[in-house]
Amino acid sequence: METDKESIGSLKQQLAKLFEESLRAAFPDISDVPPLVAICNDPKNGDYQCNNAMSLWNKIKGKGTQFKGPQPVGKAIVENLPGSDMIENCSIAGPGFINIVLARQWIAKSVQKMLIDGIETWAPKLPVKRTVVDFSSPNIAKEMHVGHLRSTIIGDTLARMLEFSNVEVLRRNHVGDWGTQFGMLIEFLFEKFPNWEAGSTPAIGDLEAFYKASKQRFDSDPDFKERAQKAVVSLQGGEEKYRKAWAQICEISRKEFQKVYERLGVHLEEKGESFYNPYIPKALELLNEKGLIEESEGARVIFIEGKKIPLIVVKRDGGFNYASTDLTALWYRLNEEKADWMIYVTDIGQREHFEMFFSAAKRAGWLPSNENDYPKASHVGFGLVLGEDGKRFRTRSTEVVKLVDLLDEAKSRCKLALEERGKAKEWTAEELDQTAEAVGYGAVKYADLKNNRLTNYTFNFDQMLSDKGNTAVYLLYAHARICSIIRKSGRDIEELKKSGAMDLAHQDERMLGLHLLQFPEIVEEACTNLLPNLLCEYLYKLSEDFTKFYTNCQVVGSAEETSRLLLCEATAVVMRKCFHLLGITPVYKI
Ligand code: ARG
């Protein structure tokens, strides 16, 4: 099969292109009614729908047109469609809906083409070139908690989906490494360890305890408070002793964070709050020149329409804060990094903060006032992780759950389950360990990602590690089963891809093929709406469609063996891509 390897865009995009052409041919004077292509609500009517005859009719009626209503308009659109083997037939329903049935042969051909050219040719096309995904972003001297786990998992998936869509992604770890809290921490450490620079460095657990203790001292001891405030000045003034201590503290935390990232297979580039510090005066000056900054109760603030409390950008003591840093980082990302989409992943508790500084940026003209125009800034908020008791997820011993412990437990539970199924005898120790890790970590990630991120979800090991229902375990096993069907057939799948032909004669084959073809538009939708759960829903539905096909269509030993094996392979390829986008490692045998 001769193919070109360019990304072809989603099915919707391909159909929209055909309908645009027909529109230009049938209604050359009208250019502002883009075809709205959507999946048919009721598959009985067709596979897709194009809904623009009504709006077209509204444009032309009463202006001496020959058309008598939306139905004939729809008919004209259909008649002017360019020749394409994509569409089997179109019918017009209701007020000019055009129902589209795709050609079975075209579906088969497209699936096979993907098998030959690679799934990258199914990358959706997005209207952005470079995005910043600001995620994970824990705070120095504090342990990463379950909220940061959500940010890391969701942010990584969004970054992966955008990268797959050929968007350049700057993965930014906006760590909390600056601010007045470091004054008290450093002062406390100097007091506790007079030889701190020479001595051994504290562990992260200690650091966190020191942090809490220093806060207590700060609140209760005015003398300490004064020294801590002086320490901030020394630190921000660049005094070496203070800088060194600060850098050392950051390094301890960084190493700890890195352990979690390595386990999760997530990579990020740290540009913490301190990175933007030198740029703050300039950014604030730009805002000031626009007349945005005002004096209020001794602080310098920006008033935001519809908000009672203004956004403070310079505190009463002259110091900068979270908002000054974020405004500056936004300026930097827009002007220095030339990003056209800035995405921030944090808990919904911070929504107000983001709304406020996005509004300030709009007032300054840094961002367009229309939400849908680029450059764009989006806050990706998420809900809480709850424990079985319905309260914020905690363990008995510590206040917050340690991430590393969670991952360890998921893995060891999986290992146990595999051993119970006799895998320790069948597999090497390494295989057992790798599978337990892939399934265990995958389960934790998937349990998070499958929920609409705005809702709270309950962390439950038994549920997420079940091999039934919508879990990573079920899906990973489903994929492994498909791989084993192909392996056991004894056929050379690489050879079949090129020489074999696909035909999707059975209804369940056609449905599965169509569903595979919808993968690009799901990724597109998940990216556009910043909703990874859409991809999870797709993946789950795909495995259900596969089960249906496999139940009703014999694969090995049937007359259609070649075609059906190719369909199995295509399902496995798409499932693997979904896993990859969700940051989950696939397994090949169970
Ligand atoms: N460090 C913050 C926290 O732990 C999250 C930072 C998010 N990113 C940002 N640009 N504000 O809550």
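Because the structure is predicted, anything quoted here is derived from the model rather than measured. (Residues numbered from 1 in each chain as written. Predicted model: local features only at pLDDT ≥ 70, side-chain atom pairs only at ≥ 80, totals over all residues. Heavy atoms only, no water.)

Chemist: I'd like a rundown of the overall build of the protein chain, residues and numbers included.
Modeler: A count of helical and extended segments in the protein chain gives 23 helices and 14 strands. With respect to the three principal axes, the spread of C-alpha positions in the protein chain is 85 × 75 × 45 Å. Out of the 590 residues belonging to the protein chain, those deemed buried represent 53%. At a minimum sequence separation of 6, the contacts of the protein chain that also span at least 24 residues come to 74%. In the form shown here, the protein chain has an accessible surface area of approximately 27200 Å², with 49% of it arising from carbon and sulfur atoms. Taken as two groups, the 77 positive and 84 negative side-chain charges of the protein chain have centres that lie 2 Å from each other. (Helix = DSSP H or I, 4+ residues; strand = E, 2+ residues; numbered from the N terminus. Buried < 20%, exposed > 50% of the residue type's maximum accessible area, 1.4 Å probe, protein only. Contact = heavy atoms within 4.5 Å. Areas by Shrake-Rupley, 256 points an atom, 1.4 Å probe, with all protein chains shown as cover. Lys, Arg positive; Asp, Glu negative; His and termini not counted. Charge placed at Lys NZ, Arg CZ, Asp CG, Glu CD.)

Chemist: I'd love a proper account of the site of the ligand, names of residues and values included.
Modeler: The full set of residues close to the ligand is Asp134, Ser137, Asn139, His148, His174, Tyr322, Asp326, Tyr344, Thr346, Gln350 and Phe354. One of the side-chain nitrogen or oxygen atoms of Asn139 is found 2.8 Å away from a nitrogen atom of the ligand. Tyr322 places a side-chain nitrogen or oxygen 2.8 Å from a nitrogen atom of the ligand. Only α12 (322-335) and β11 (341-347) provide two or more residues apiece to the shell around the ligand. A class-by-class count of the residues in the shell around the ligand yields three nonpolar, six polar and two charged. (Near = heavy atom within 4 Å. Polar contact = N/O pair within 3.5 Å; in protein donor to acceptor, adjacent residues only side chain to side chain. Nonpolar A, V, L, I, M, F, W, Y, C, P; charged D, E, K, R; others polar.)

Chemist: Just give me the short version of the sheet that holds strand β7 (residues 269-270), but keep the residues and values in it.
Modeler: One open sheet holds the five strands; their spatial order is β7-β6-β5-β11-β12, and the pairing between them is parallel. Two strands bound the open sheet, and with one partner strand each, they are β7 and β12 (376-382). By the bridge criterion, five bridges tie strand β5 (residues 130-134) to strand β6 (residues 168-173) in an arrangement that is parallel. The residue bridging Val133 from the neighbouring strand is Arg171, located in β6. (Pairing = 2+ DSSP bridges.)

Chemist: Go over the state of the cysteines with me, naming the residues and quoting the values.
Modeler: The final tally for this structure, using the stated rule, is zero disulfides. For Cys414, which is in no disulfide, the shortest distance to another cysteine sulfur is to Cys536 and amounts to 17 Å. The thiol of Cys527 is unpaired, and the distance to the nearest cysteine sulfur, on Cys578, comes to 12 Å. The exposure class of Cys527 is buried, given its relative accessible area of 2%. (Disulfide = S-S within 2.5 Å.)

Chemist: Can you break down the domain arrangement of the protein chain residue by residue, with the values?
Modeler: Domain assignment breaks the protein chain into domain 1 (11-102) and domain 2 (403-582). For domain 1 and domain 2, the distance between their C-alpha centroids amounts to 36 Å. Taken together, the contacts link eight residues of domain 1 with seven residues of domain 2. A per-residue breakdown of the area domain 1 buries against domain 2 is headed by Leu11, Lys12 and Asp47, which together make up 55% of the total. Where domain 1 touches domain 2, the interface holds one salt bridge. Asp47 is the salt-bridge partner of Arg510, the closest N and O atoms lying 2.6 Å from each other. Per-element accounting of the side of domain 1 that touches domain 2 gives the leading share, three residues, to helix α1 (residues 11-26). (Domains from an automatic or database assignment. Buried area = accessible area lost by both parts, 1.4 Å probe. Salt bridge = Lys/Arg side-chain N within 4 Å of Asp/Glu carboxyl O.)

Chemist: How would you summarise the nonpolar core if you had to cite specific residues and measurements?
Modeler: Residues Leu102, Phe519 and Val574 are the most contacted members of the largest nonpolar core, which totals 162 residues. A per-element tally of this core places helix α23 (residues 561-582) first, with 13 residues. Built from parts of two domains, this core gets at least three residues from each of domain 1 (11-102) and domain 2 (403-582). Among residues more than four places away in sequence, those in contact with Phe519 are Ile119, Trp122, Phe164, Leu535, Tyr538, Val574, Lys577, Cys578 and Leu581. Counting 34 residues, the second-largest nonpolar core is a separate cluster that includes Leu170, Ile302, Leu311 and Val314. (Core = buried A, V, L, I, M, F, W, Y, C linked by side-chain atoms within 4.5 Å.)

Chemist: With reference to specific residues and values, describe the packing of aromatic side chains.
Modeler: Enumeration over the complete set of coordinates arrives at 23 aromatic pairs. On the numbers, 5.4 Å between centres and 70° between planes, the contact of Phe190 with Tyr242 is edge-to-face. Residue Phe190 is found in helix α6 (residues 181-192), and its partner Tyr242 is found in helix α9 (residues 240-264); the two are separated by 52 residues along the sequence. Considered together, Phe190 and Tyr242 belong to a single accessibility category, that of buried residues. An angle of 50° between the planes, with centres 5.5 Å apart, marks the rings of Phe354 and Phe357 as tilted. Placement of both Phe354 and Phe357 in helix α13 (residues 351-363) is noted, with a separation of three residues, approximately one turn of the helix. (Phe/Tyr/Trp six-rings, centres within 6.5 Å; stacked < 30°, edge-to-face > 60°.)

Chemist: Requested: an account of helix α2 (residues 53-60), with residues and values cited.
Modeler: Along α2, the positions that sit buried rather than exposed are Ala53, Leu56, Trp57 and Ile60. Down the axis of α2, the smallest arc covering the buried residues is 100°, so these residues share one side. Looking one or two residues past α2, Gly62 carries a phi angle of roughly 75°, positive in sign. (Arc of directions from axis to C-beta.)

Chemist: Got a sec to walk through the pattern of salt bridges? Specific residues and values, please.
Modeler: Once their charged atoms are close, side chains differing in charge can pair, the charge on each being opposite to the other. This structure, assessed with the given rule, holds 44 salt bridges. We note a salt bridge from Glu187 to Arg227, for which the minimum N-O separation is 3.4 Å. Of the two residues, Glu187 is situated in helix α6 and Arg227 in helix α8 (residues 222-236); the sequence distance between them amounts to 40 residues. The class of Glu187 is buried, set by a relative accessible area of 10%. The partly exposed category is assigned to Arg227, whose relative accessible area is 31%. When salt bridges that share partners are traced, they join Glu187, Glu191, Arg217, Asp221 and Arg227 into one network.

Chemist: I'd like a description of the sheet that holds strand β10 (residues 311-314), backed by residues and values.
Modeler: Where strands meet in a sheet, backbone hydrogen bonds hold them as pairs that are either parallel or antiparallel. Strand order in the open sheet formed by three strands is β8-β9-β10, and the pairing between neighbours is antiparallel. Looking at strand neighbours, the two that pair on one side only are β8 (293-296) and β10, the edges of this open sheet. Taken pair by pair, the neighbouring strands of this sheet meet at an average axis angle of 50°, ignoring direction. Sheet topology note: the strand β9 (residues 299-302)/β10 ladder contains three bridges and is antiparallel. Among the inter-strand pairings, Val301 is bridged to a residue of β10, identified as Ile312. Lying over the sheet, helix α11 (residues 280-289) contacts β8, β9 and β10, oriented at roughly 95° with respect to β8. (Axes fitted to C-alpha atoms, helices over the stretch in contact; angles between N-to-C directions.)

Chemist: Before we move on, could you go through α23 and cite the residues and values that matter?
Modeler: Between its first and last C-alpha, α23 extends 31 Å over 22 residues, near the 32 Å set by a 1.5 Å rise per residue. Where burial is concerned, most of α23 is hidden: 19 out of the 22 residues are buried. Just past α23, the residue Gly583 takes up positive phi, approximately 75°. (Expected span 1.5 Å × (residues − 1).)

Chemist: Help me get a handle on the packing of helix α4 (residues 104-117) against α23, residues and values and all.
Modeler: Packing of α4 against α23 brings their axes to within 10 Å, and their N-to-C directions diverge by 60°. Crossing hand, α4 versus α23: left-handed. Here Val111, Gln112, Met114 and Leu115 of α4 lie close against α23, whose contacting residues are Leu566, Glu569, Ala570, Val573 and Val574. Residues that form the contact of α4 with α23 fall into these classes: seven nonpolar, one polar and one charged. (Left-handed = near helix turned anticlockwise from the far one by under 90°.)

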